[in-house]
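Spelled out from the first residue to the last, the chains are:
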Amino acid sequence: MLEAMRYFFLRALRNMRQWPFLCSAAILTMAVSLATIATFFLIVVNIEQLAARWTGEIQVIAYLNTPPAQQDLVRLTQDLEQIEGVENVAYVSPAAAMDRFRERLGEDASLLQGIRPDLLPASFEIGLRPEFRQQEGIEIIVAQLEEVIPVDDLRYGQTWLERFNTFINMLRFVGAFLGGFLLFATLFIVANTIRLTLYARRDELEIMALVGATMRFIKIPFMLEGAIQGFVGGMLSLLFLGVSFTLIISRGLNAFWLTPVDFDLLFLTATQQLLLVLAGVVLGVLGSLSSLRRFVRI
Amino acid sequence: MDMIQLYNVSKRYSRDSIAVKDLSVKIDKGEFVYVTGASGAGKTTFLRMLYVAERPTRGQILVDGQNVTRIRSHQIPYLRRKIGVVFQDFKLLQSRTVYENVAFALEAQGKKRFEVSKKVYQALKEVGLEHRLQRKPLELSGGEQQRIAIARALVVDPLILLADEPSGNLDQEVTMDIMNLFKRANARGTTVLLATHDYSLHQRFPRRVLTLDQGKLVGDQRPLEMETAEQ
């Protein structure tokens, strides 16, 4: 068994040495294909992450008819904090609202002179837990909110949220569609490259079958070869991704992508990196197998 | 004992192209048989059906007592290990050395390394090429290449040796060398089937001759009959 495995492995290596051009072509095709897919994956993941940050600013503002009495304030705040999905609650009194307004007006603050400080309504600014920062979550909270306090008006960026939802759904759809398409194209290209390498060696396959080699004997070295090529291709694509990523970060190019300053671009996690290399190995083996079926007829 | 038996075997490639028609023949163990006929007479198809590179459209074929007509794919390699095949175009791996080409047949059967090297050396010695172990086929003459192909076919000690126009590309002197190799293999007990359209061969080495014409067996002459015919 060990002797056989050694023989198969040596034959796979020898084959690769004997056909360096074909071997590099297969490796490079796999590296480029895998890098393309992984880059695409990273783009989608980063856009999603960026989008998720925007939702971090989502909060519900409940405007009140009348400001609550000072002694009720603590109880009301506590009640609001009890609602599932609420992360924090901040009370903004009419005076505080006016101060903010004044601050925002800046040089034009003089416009507010002579206006009653209690003109603006009191409000609760309710921060949400991440999993509630979407349409359905907010609707659940709003429904409970109205039972706790008499609300005059609610603001939570309804229109924006709808648009955002459409955008995320669109992103996921396009991501899945293009990703699937890329994957299919990759499989096709890799299988054809391997087929080409086998075509060049059809004499060898024919003679092997002629001298009584079993299918297993014929296939294993080619599958091993596919696996080795896939492994090297996967590692190369990882190297390429890593280098490009480091370059983007080190050159401060992430500012170029219009991302916030404190936003860290995501790279593949260790598991995803392992999966990428594994995908290369699987791609190589499957590519070899599918093409072998065409060339080896016993 | 019969080594090869064919019963009413026909092979059609398409509706109007019949390669072998209603062929029935028996070949004994240890026989040396020529298969002759013009190009397109069905010689190659006949041989290809024996090592199951083709399957007959009709009829039954038995090789060493095994019915190969309905043999399953996974059993074919084991049948082929009993059969050595030699071609007109040698079918050697040009990128491999002489040694590797011959060893290939043994490695394919999963033989151990020490056994492989011993047998390869013996087989190459038998064909007189033991001093060319590390050469590549293209560095050798046509006759030498054919001798490597014969060594590859014989290294596994086959029960049957099939040769399809083995001397087609070779001159007379080399052809004689190669015929001697076949005769020696035959003397050791290997059944030899040699397809050729070179009639001079069986005049020089008289043996049983099967003659095909347009896929049909039109003659089956044994040496005695041939001698009688000559008289």
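Residues numbered from 1 in each chain as written. Chains lettered and ligands numbered in written order. Predicted model: local features only at pLDDT ≥ 70, side-chain atom pairs only at ≥ 80, totals over all residues. Heavy atoms only, no water.

Focus: the overall build of chain A
When helices and strands are tallied, chain A shows nine helices and four strands. The order of α-helices and β-strands along chain A, N terminus first, is α-α-β-α-β-α-β-α-β-α-α-α-α. Its C-alpha atoms give chain A a radius of gyration of 31 Å, more than 25% over the compact-globule value 19 Å for 298 residues. On the principal axes, the C-alpha backbone points of chain A span a range of 100 × 40 × 30 Å. Looking at chain A as a whole, 40% of its 298 residues are labelled buried. In chain A, once contacts between residues fewer than 6 apart in sequence are set aside, the share between residues at least 24 apart is 84%. (Helix = DSSP H or I, 4+ residues; strand = E, 2+ residues; numbered from the N terminus. Rg over C-alpha atoms; globule rule 2.2 N^0.38 Å. Buried < 20%, exposed > 50% of the residue type's maximum accessible area, 1.4 Å probe, protein only. Contact = heavy atoms within 4.5 Å.)

Focus on the domain arrangement of chain A
For chain A, the assigned domains read domain 1 (2–54 + 163–295) and domain 2 (59–156). Between the C-alpha centres of domain 1 of chain A and domain 2 of chain A the distance comes to 53 Å. (Domains from an automatic or database assignment.)

Let's talk about the sheet that holds strand β4 (residues 151–155) of chain A
Each strand in a sheet pairs with another by means of backbone hydrogen bonds, the pair being arranged parallel or else antiparallel. All names here are of chain A. Strand order in the open sheet formed by four strands is β2-β3-β1-β4, with antiparallel pairing between adjacent strands. The open sheet terminates on both sides in strands that have one partner only, identified here as β2 (86–92) and β4. The mean inter-strand angle of the sheet, taken between neighbouring strand axes irrespective of direction, is 20°. As judged from the four bridges shared by strand β1 (residues 59–64) and β4, these two strands associate in the antiparallel manner. By the bridge assignment, Tyr63 is partnered in β4 with Asp153. (Pairing = 2+ DSSP bridges. Axes fitted to C-alpha atoms, helices over the stretch in contact; angles between N-to-C directions.)

Quick notes on the side chain of Glu107 of chain B
With respect to the secondary-structure elements, Glu107 of chain B resides in helix α3 (residues 98–107). This buried residue, Glu107 of chain B, is left without a salt bridge; Arg14 of chain A holds the nearest opposite charge, at 4.8 Å. (Lys, Arg positive; Asp, Glu negative; His and termini not counted. Salt bridge = Lys/Arg side-chain N within 4 Å of Asp/Glu carboxyl O.)

Things to note about helix α7 (residues 202–210) of chain A
Listed in full, the buried residues belonging to α7 of chain A are Glu204, Leu205, Ile207, Met208, Ala209 and Leu210 of chain A. Note on α7 of chain A: the residue one or two positions beyond its end, Gly212 of chain A, has a positive phi of about 90°.

Points about the packing of aromatic side chains
Residues and elements named next belong to chain A. Enumeration over the complete set of coordinates arrives at seven aromatic pairs over all chains. Each ring, one from Tyr7 and one from Phe217, has its centre 5.7 Å from the other, and the planes form 25°; the classification is stacked. Note that Tyr7 is positioned in helix α1 (residues 2–18) and Phe217 in helix α8 (residues 215–250), a separation of 210 residues in sequence. Across the pair, exposure class does not vary: Tyr7 and Phe217 are buried alike. (Phe/Tyr/Trp six-rings, centres within 6.5 Å; stacked < 30°, edge-to-face > 60°.)

Section: the interface of chain A and chain B
Across the boundary between the two partners, chain A contributes 19 residues, which contact 23 residues of chain B. Between chain A and chain B, the buried area comes to about 2,000 Å², and carbon and sulfur atoms account for 58% of it. Where chain A meets chain B, there are three salt bridges. With its nearest N and O atoms 3.4 Å apart, the salt bridge here joins Lys91 of chain B to Glu206 of chain A. If you look at where chain A meets chain B, you find nine residue pairs in polar contact (both at pLDDT 80 or more). (Buried area = accessible area lost by both parts, 1.4 Å probe. Polar contact = N/O pair within 3.5 Å; in protein donor to acceptor, adjacent residues only side chain to side chain.)

A short note on unusual backbone geometry
Residues and elements named next belong to chain B. Positive phi is not limited to glycine here, since Val52 has a value of about 55°. Secondary-structure assignment places Val52 in the loop between α1 (43–50) and β4 (58–63). The exposure class assigned to Val52 is buried, which follows from its relative accessible area of 5%. The phi dihedral of Glu165 falls on the positive side, at around 50°, and the residue is not glycine. Relative to the helices and strands, Glu165 resides in the loop between β7 (160–164) and α6 (172–187).

Looking at the packing of helix α5 (residues 142–154) of chain B against α6 of chain B
Residues and elements named next belong to chain B. Taken N-terminus to C-terminus, the directions of α5 and α6 make an angle of 10°; their axes are 10 Å apart at the nearest point. Classified by the angle between their axes, α5 and α6 sit roughly parallel to one another. Together, Gly143, Gln146, Arg147, Ile150 and Leu154 of α5 and Val174, Ile178, Leu181, Phe182 and Ala185 of α6 make up the contact between the two elements. Across the contact of α5 with α6, the residue classes tally to seven nonpolar, two polar and one charged. (Parallel < 35°, antiparallel > 145°, perpendicular 65-115°, else oblique. Nonpolar A, V, L, I, M, F, W, Y, C, P; charged D, E, K, R; others polar.)

Notes on the domain arrangement of chain B
All names here are of chain B. Looking at the assigned domains, one finds that chain B contains domain 1 (1–12 + 21–82 + 158–231) and domain 2 (91–157). When each unit is reduced to the centre of its C-alpha atoms, the spacing between domain 1 and domain 2 is 24 Å. Listed as interface residues are 13 residues of domain 1 and, on the opposing side, 13 residues of domain 2. For the domain 1 face of the interface with domain 2, the top three residues by lost area are Arg81, Pro158 and Leu181, together amounting to 47%.

A short note on the sheet that holds β4 of chain B
Residue and element names in this part refer to chain B. An order of β2-β1-β4-β5 is seen for the four strands of this open sheet, with the pairing classed as antiparallel. Where the open sheet ends on each side, the last strands, each with one partner, are β2 (17–28) and β5 (66–67). As defined by bridge partners, β4 adjoins β5 across two bridges and the pair is classed as antiparallel. In the strand pairing of β5, Leu62 is matched with Asn67. Lying on the sheet, α1 is in contact with β1 (2–14), β2 and β4; it crosses β1 at an angle near 120°.

Re the pattern of salt bridges
Residues and elements named next belong to chain B. Tallied over the full model, the rule gives 21 salt bridges over all chains. Ionic pairing is found between Glu54 and Arg48, a salt bridge with its closest N-O pair at 3.0 Å. With a relative accessible area of 15%, Glu54 lands in the buried category. With a shortest N-O distance of 3.0 Å, Asp157 and Lys119 are connected by a salt bridge. On the criterion of sequence distance, the pair formed by Asp157 in the loop between α5 and β7 and Lys119 in helix α4 (residues 113–126) is long-range, its members being 38 residues apart.

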